[in-house]
Amino acid sequence: MTRGVVYVHSAPAAICPHVEWAIGSVIGGRVTLSWTAQPASPGALRADVAWSGMPGTAAKLAKALKAWPMLRFEITEEASPGQDGERICHLPGRGVWRAAMSANGDVMLGEDQLRSVLAAATSLDGLQHTLADLLGAHVDAELEPYRRAGEGTAVTWLHQVG
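Remember, predicted model here, so these are calculated numbers, not experimental data.

Enquirer: Honestly, the environment of Thr130 in this entry has me stumped. Any pointers?
Expert: For Thr130, the position within the fold is in helix H4 (residues 124–135). By relative accessible area, which is 33% here, Thr130 ends up partly exposed. Counting along the chain gives 128 residues from Thr130 to Thr2, while the straight-line C-alpha distance between them is 31 Å.

Structural data, given as structure tokens:
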């Protein structure tokens, strides 16, 4: 078993019940989130929920949630025996960004990724840009105002059944 958190950073009110249904269909039970206003996006709502389940649950949650392209979300999954942790983010108009995550939340790049980036680099600026993309700098820059809006809110725990 592993655990993680789903952060729905912004969602139109009309699809909030669909988001709860999608999360519940992955977790295996009814889900009711505590939706609050998202000050970073007037008219949108935000919610977060901690979950526990089998390794790979974050990917299943992301697949279920990306059905609504207007959602801005972030899902984490802690490492489990034999499997790295991961962070999956979705930004409207940009799609999904996914990376392995260490125990302290750092993005991890693999040896082959780094070798490939170094081999393809034609300039220092290009190398810096590619590394920033791999580390998710653009994702973090866009999500940070939405993350700050959720500071101090209570987190609900969900447990996967079956």
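Enquirer: Honestly, the pairing of strand S6 (residues 95–101) in this entry has me stumped. Any pointers?
Expert: Look at any regular strand and the pattern is simple: side chains alternate between the two faces of the sheet. Pairing of strand S5 (residues 85–91) with S6, which is carried by seven bridges, proceeds in the antiparallel orientation. Residue pairing for S6: His90 is matched across the bridge by Val96. What sits between the antiparallel neighbours S5 and S6 is a turn of three residues, in which Gly93 has the positive phi angle 80°. Note: S6 against strand S7 (residues 107–108), two bridges, orientation antiparallel. Residue pairing for S7: Ala100 is matched across the bridge by Met108. Counted along the chain from S6 to the antiparallel partner S7, the turn is five residues long, and its residue Gly105 has a positive phi close to 95°.

Enquirer: Would you take a moment to explain H4 for this structure?
Expert: Compared with an ideal rise of 1.5 Å per residue, which puts twelve residues at 16 Å, H4 spans 16 Å between its outermost C-alpha atoms and is within 8% of the ideal. One or two residues past the end of H4 sits Gly136, with phi positive at roughly 80°.

Enquirer: Explanation requested: the pattern of salt bridges in the structure shown.
Expert: Opposite charge on two side chains lets them pair, provided their charged atoms get close. Within this structure, the stated rule accounts for eleven salt bridges. Its salt-bridge partner being Arg3, residue Glu78 comes within 3.2 Å of it at the nearest N-O pair. Here Glu78 is found in the loop between strand S4 (72–77) and S5, whereas its partner Arg3 is found in strand S1 (residues 2–12), with 75 residues between them in sequence. A salt bridge links Arg87 to Asp140; its shortest N-O distance comes to 2.9 Å.

Enquirer: So what exactly am I meant to see when it comes to the side chain of Asp48 here?
Expert: By secondary structure assignment, the location of Asp48 is in strand S3 (residues 44–53). At 2.6 Å, the side chain of Asp48 forms a polar contact with the side chain of Arg46.

Enquirer: It is not clear to me how the pairing of S5 should be interpreted in this structure. Could you clarify?
Expert: Counting buried positions over the seven residues of S5 gives seven, a clear majority of the element. Burial along S5 is two-sided: the residues Gly85, Arg87, Cys89 and Leu91 and Glu86, Ile88 and His90 are all buried. Examined bridge by bridge, S4 and S5 share five bridges and lie antiparallel to one another. If you follow Glu74 over to S5, its bridge partner there is Cys89.

Reading the values: rules and limits
Each chain has its residues counted from 1, following the order in which its sequence is written. With the structure being a predicted model, the display of local features is reserved for residues of pLDDT at least 70 and the display and counting of side-chain atom pairs for 80 or more, all residues being used for whole-chain, interface and lining totals. Side-chain descriptors were evaluated using all non-hydrogen atoms of the structure, hydrogens and water having been removed beforehand. Counting from the N terminus, the helices are the DSSP runs of H or I reaching at least four residues and the strands are the DSSP runs of E reaching at least two. Any residue under 20% of the maximum accessible area for its type is buried, any over 50% is exposed, and the rest in between are partly exposed; the area is computed with a 1.4 Å probe on protein chains only. When DSSP finds two or more bridges between two strands, those strands count as paired. Here a helix's expected span is defined as the number of its residues, less one, multiplied by 1.5 Å. A side-chain nitrogen of Lys or Arg and a carboxyl oxygen of Asp or Glu constitute a salt bridge if their distance falls within 4 Å. Any pair of N or O atoms that falls within 3.5 Å is considered a polar contact. Within protein, one atom must be able to donate a hydrogen and the other to accept it, and sequence-neighbouring residues count only if both atoms are side-chain atoms.

So, to be careful, I would describe these as geometric facts and stop short of saying anything about function.
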